[in-house]
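Structure assessment
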Amino acid sequence: MADEKKKISLGGIDNAAAEKGSLMKTVWQFVKFIVVSGIVTIIQLLLAYLLPFIFDMEVFKVALPDFLRTIFNPNIIFNIGDAATLEAVDPKVLKDIGKYVIDAAVVNQNGIPALVGIITWGYTLPFLLSNLIANIYGYIQNKKTTFKSDAPKIMFVIYIFIMIALILFSTWFQGWLYGVICSNLPKFVGLARLVAAMAAGFVQMIFLFPMEKFVLLREKKDPAEDSAEAAAAAVAETAEDVADAE
């Protein structure tokens, strides 16, 4: 009975995957990574809903600096549909635009209505914090259960900087891809936001898994493996000494 429980435990599955070789072990780690990513997404969505209650204040209604304006595109963030004017936008969407976009206006871009303006810190801070806090949970969980790493604390600091850069890049990439789809595939404008968001999430996942596995969260070595490596090195060194003596 104890053996059966061991087999269906997470540790038992980890051991079974490791016994089947490095490829199967990596596949199993990727499965765990995806599960953790799903939890990260849920946490991020909850925080994205709750944090605006803190940042929806007039003090945060300040325009972003120039370098961030190219990343946070209001036309990607807010779906105005086929509204040709700002007044024609859905009232619920228009309310959020009023809170988070300065100098908002609807213009015609290649025959498609587009929202222009400047996103404020009131939107950007909850967005960044919800992403960052959720991914910090992901880092801790992946370190503990996915890769079973004993990585030093400096790796966590490096991870924070990587995540900030990755969040900004994926946000910019999403806006860029949306623009490409709208310009070159006008028939698929309705799906452009979904495709761009999925592509950005995929790029982020594909980057993070190998980065965490091979760099940030390298798996701690089994003491027995270290002893075996040390013994093998000692034997090799002794053999070289004998050969030199002869």
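Note that the structure is predicted; figures quoted are calculated from it, not measured.

1. Quick look at the environment of valine 180
When you line up the elements, valine 180 lands in helix α9 (residues 153-184). It is 9.7 Å that separates the C-alpha atoms of valine 180 and alanine 196, two residues lying 16 residues apart in sequence.

2. Side note on the pattern of salt bridges
Summed over the entire model, instances satisfying the criterion amount to six salt bridges. With a closest N to O distance of 2.7 Å, lysine 25 and glutamate 219 form a salt bridge. With lysine 25 in helix α3 (residues 22-50) and glutamate 219 in the loop between α10 (189-216) and α11 (223-245), this pair connects stretches of sequence that are 194 residues apart. Residue lysine 25 is classed as partly exposed on the basis of its relative accessible area, which comes to 25%. A relative accessible area of 35% means that glutamate 219 is categorised as partly exposed. Linked through salt bridges whose partners overlap, the residues forming this network are Asp14, Lys32 and Lys148.

3. Structural notes on the pairing of strand β1 (residues 101-109)
On a regular strand, one side chain projects to one face of the sheet and the next to the other, so that they alternate. Bridge analysis of β1 against strand β2 (residues 112-119) gives seven bridges, and the strand direction is antiparallel. Each bridged residue has a counterpart across the sheet, and for valine 101 the counterpart in β2 is isoleucine 119. Count of turn residues in the β1/β2 antiparallel hairpin: two residues, of which asparagine 110 carries a positive phi of about 55°.

4. Overview of the packing of aromatic side chains
This model, assessed by the stated rule, comprises 15 aromatic pairs. On the basis of an interplanar angle of 15° and a centroid distance of 6.2 Å, the ring pair of tryptophan 172 and tryptophan 176 is categorised as stacked. Note that tryptophan 172 and tryptophan 176 are positioned in helix α9 at a spacing of four residues, about one turn of the helix. Judged by relative accessible area, which is 44%, tryptophan 176 ranks as partly exposed. Feature note: the residues Phe72, Phe78, Tyr100, Tyr123 and Phe127 constitute an aromatic cluster, connected by ring pairs.

5. Concerning unusual backbone geometry
The residue aspartate 103 is not glycine, and still its phi comes out positive at about 55°. Within the secondary structure, aspartate 103 is located in strand β1. Owing to a relative accessible area of 64%, aspartate 103 belongs among the exposed residues under this scheme. Of note, the phi angle at lysine 148 is positive, near 50°, even though the residue is not glycine. You can see lysine 148 is positioned in the loop between α8 (121-146) and α9.

6. What to know about the side chain of asparagine 75
The residue asparagine 75 is located in helix α6 (residues 74-77) in this model. Only 2.8 Å separates the side chain of asparagine 75 from the backbone nitrogen of leucine 115, close enough to count as a polar contact. With residues up to four places along the chain from it excluded, the contact list for asparagine 75 reads Ile80, Pro113, Ala114, Leu115, Tyr178 and Arg193.

7. Focus: the packing of α8 against α9
Each pair of packed helices gets described by two things: the angle between the helix axes and the distance between those axes. Taken N-terminus to C-terminus, the directions of α8 and α9 make an angle of 135°; their axes are 10 Å apart at the nearest point. When the axis of α8 is compared with that of α9, the two are oblique. Taken as a pair, α8 and α9 cross one another with a handedness that is right-handed. Contacts between α8 and α9 involve Phe127, Leu128, Asn131, Leu132, Asn135, Ile136 and Tyr139 from the former and Met155, Phe156, Tyr159, Ile160, Met163, Ile164, Ile167, Leu168 and Thr171 from the latter. For the contact of α8 with α9, the class distribution of residues is 13 nonpolar, three polar and no charged.

Reading the values: the criteria
Residues numbered from 1 in each chain as written. Predicted model: local features only at pLDDT ≥ 70, side-chain atom pairs only at ≥ 80, totals over all residues. Heavy atoms only, no water. Helix = DSSP H or I, 4+ residues; strand = E, 2+ residues; numbered from the N terminus. Salt bridge = Lys/Arg side-chain N within 4 Å of Asp/Glu carboxyl O. Buried < 20%, exposed > 50% of the residue type's maximum accessible area, 1.4 Å probe, protein only. Pairing = 2+ DSSP bridges. Phe/Tyr/Trp six-rings, centres within 6.5 Å; stacked < 30°, edge-to-face > 60°. Polar contact = N/O pair within 3.5 Å; in protein donor to acceptor, adjacent residues only side chain to side chain. Contact = heavy atoms within 4.5 Å. Axes fitted to C-alpha atoms, helices over the stretch in contact; angles between N-to-C directions. Parallel < 35°, antiparallel > 145°, perpendicular 65-115°, else oblique. Left-handed = near helix turned anticlockwise from the far one by under 90°. Nonpolar A, V, L, I, M, F, W, Y, C, P; charged D, E, K, R; others polar.

Keep in mind that these numbers describe shape and distance, not what the molecule does.
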